[in-house]
Amino acid sequence: MVILLNCAQHLTHRLRKTFVTYGDALLCSMETCWSPWLRTHSGWGRYTVSFLLIVTQLGFCSVYFMFLADNLRQIVEEAHVTSSTCQPRGTQVALPILDIRVYMLIILPFLLMSVFIQNLRLLSVFSTLANVTTLVSVALIFQHIVQGIPNPSSLPLMANWKTFLLFFGTAIFTFEGVGMVLPLKNQMKNPQQFSLVLYLGMSLVISLYICLGTLGYMKFGSDTQASITLNLPNCWLYQSVKLMYSVGIFFTYALQFHVPAEIIIPLVTSHVSESWALFVDLSVRTALVCLTCVSAVLIPRLDLVLSLVGSVSSSALALVIPPLLEILTFYPEDINRVTIAKDIMISILGLLGCVLGTYQALYELTQPACPPKANSTGDVM
């Protein structure tokens, strides 16, 4: 993210523009680079970034469908046995009443209404609400998992390499927000302060994820599910935690949806008259939300899908392209060999993770689904 910000800032000064998008940054860098072949095919840089952003953000939205449906089903179907006394979940096993896909269809109309909000600043208000509900939920989750942690000596210190490949995709999915970095900076009143906000925000997020993931695994061990909220006790307090977390994810859906909408909708509306523009706009938004719902319905396996999305597109956007963009942007002017070597190494590692992580996630998806057990990816969404 920092590399992308530095490149975008440098290009805005060089081109005398107010801001540039991720795709514009790669396009401009390729147009002015030393290679005639890259200059000739510079347009493909923008198309590639746009395609990966669409896949990544819609993949996020599809995962959000699964997360909301999983938690909604647990809240609804265990409501009749929920009590004020918090007991370990292992003593209260409820058989599913409705298929998880039914809950996805129930959620669909509400998410459709949320994506009709097109102003990013208004969406940032909902994002703030999402952050508040998420932080309260995380605090209550911490309060539970730090109590009565069993002796971790029986837990394995390391997993096998196949599990690590799934973890790679999940980790990139968890931390990859590169698609929203430049749009949010461009909408800020004081964009020059964005770097400080980014550093503080990412530091907080990394600390929370490491602590929550480690303590959660120490608490639940091999019973850890794809979302740690599904491991919480069946009492009113922690049912409200799931509800608050779900509200946070619900509001975040529209924010993640904004990126693919801003790429696709202008392309479509440019081919229709102004009188049809609004109808086409809403139709495209509806179709895209339905697409994320259909993909979630077809593959309702939260842990594997988020690992797949992280490996396929998020790794390319976060690890492969930014280092190459830095070389293309600064090579004609001032970049040392150490930086070039560092960028090439990061891109190679990102490419390996992309290929191997995608293969492993696809392989696991072809295997029969097992009852909820350990979440091999270590996700704590």
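For the structure itself, consult the block above.
Residues numbered from 1 in each chain as written. Predicted model: local features only at pLDDT ≥ 70, side-chain atom pairs only at ≥ 80, totals over all residues. Heavy atoms only, no water.

1. Side note on the overall build of the chain
Counting its regular elements, the chain contains 13 helices and 0 strands. When the helices and strands of the chain are listed from N to C terminus, the series reads α-α-α-α-α-α-α-α-α-α-α-α-α. Its C-alpha atoms give the chain a radius of gyration of 22 Å, within 12% of the compact-globule value 21 Å for 381 residues. When its C-alpha atoms are laid out on the principal axes, the chain stretches across 65 × 55 × 40 Å. For the chain, the proportion of its 381 residues judged to be buried stands at 46%. Long-range contacts, defined here as pairs at least 24 residues apart, represent 84% of the contacts in the chain between residues at least 6 apart. Put simply, the chain shows about 19400 Å² of open surface, and 69% of that area lies on carbon and sulfur atoms. (Helix = DSSP H or I, 4+ residues; strand = E, 2+ residues; numbered from the N terminus. Rg over C-alpha atoms; globule rule 2.2 N^0.38 Å. Buried < 20%, exposed > 50% of the residue type's maximum accessible area, 1.4 Å probe, protein only. Contact = heavy atoms within 4.5 Å. Areas by Shrake-Rupley, 256 points an atom, 1.4 Å probe, with all protein chains shown as cover.)

2. Describing the packing of helix H4 (residues 42-77) against helix H10 (residues 236-269)
Put simply, H4 and H10 touch, their axes get as near as 9 Å, and they point 160° apart. Our classification of the angle between H4 and H10 gives roughly antiparallel. As H4 packs across H10, the resulting crossing turns out to be left-handed. Counted by class, the contact of H4 with H10 contains 20 nonpolar, 8 polar and 1 charged residues. (Axes fitted to C-alpha atoms, helices over the stretch in contact; angles between N-to-C directions. Parallel < 35°, antiparallel > 145°, perpendicular 65-115°, else oblique. Left-handed = near helix turned anticlockwise from the far one by under 90°. Nonpolar A, V, L, I, M, F, W, Y, C, P; charged D, E, K, R; others polar.)

3. Looking at the pattern of salt bridges
Taken as a whole and judged by the stated rule, the model has 5 salt bridges. Here Glu326 ties to Lys342 by a salt bridge, and the two come within 3.3 Å at their closest N and O atoms. Here Lys342 lies in helix H13 (residues 337-366) and Glu326 lies in helix H12 (residues 302-330), a separation of 16 residues in the sequence. What makes Glu326 buried here is its relative accessible area of 11%. The residue Lys342 makes a salt bridge to Asp343 at a minimum N-O spacing of 3.0 Å. Residue Asp343 is classed as buried on the basis of its relative accessible area of 0%. Residues joined by salt bridges that share partners form a network here, namely Glu326, Lys342 and Asp343. (Salt bridge = Lys/Arg side-chain N within 4 Å of Asp/Glu carboxyl O.)

4. A short note on the state of the cysteines
The full count for this structure, using the stated rule, is 0 disulfides. The structure places no disulfide on Cys7, whose sulfur is separated from the nearest cysteine sulfur, that of Cys28, by 12 Å. On the accessibility criterion, Cys7 (1% relative accessible area) is buried. Free cysteine Cys61: the closest other cysteine sulfur is in Cys293, separated by 12 Å. (Disulfide = S-S within 2.5 Å.)

5. A short note on H13
Taking 1.5 Å per residue as the helical rise, H13 with its 30 residues ought to reach 44 Å, and the 44 Å between its terminal C-alpha atoms agrees with that figure. Burial in H13 covers these residues: Thr339, Ile340, Asp343, Ser347, Gly350, Gly353, Cys354, Gly357, Thr358, Gln360, Ala361 and Leu365. Between a side-chain oxygen at the N-terminus of H13 and the backbone nitrogen of Val338 the separation is 3.2 Å; the capping residue is Asn336. (Expected span 1.5 Å × (residues − 1). Polar contact = N/O pair within 3.5 Å; in protein donor to acceptor, adjacent residues only side chain to side chain.)

6. So, the nonpolar core
Among the nonpolar cores identified, the biggest contains 85 residues, and Tyr22, Phe65, Ile141, Tyr253, Phe257, Val289 and Leu317 are the most heavily contacted of them. Other than its neighbours up to four places away in sequence, Tyr22 contacts Leu4, Val49, Leu53, Val178, Leu182, Leu317, Ile321 and Pro322. Membership of the second largest hydrophobic core comes to 5 residues, among which are Leu304, Leu308, Ala361 and Leu365. (Core = buried A, V, L, I, M, F, W, Y, C linked by side-chain atoms within 4.5 Å.)

Treat this as a map of the structure, not an account of what it does.
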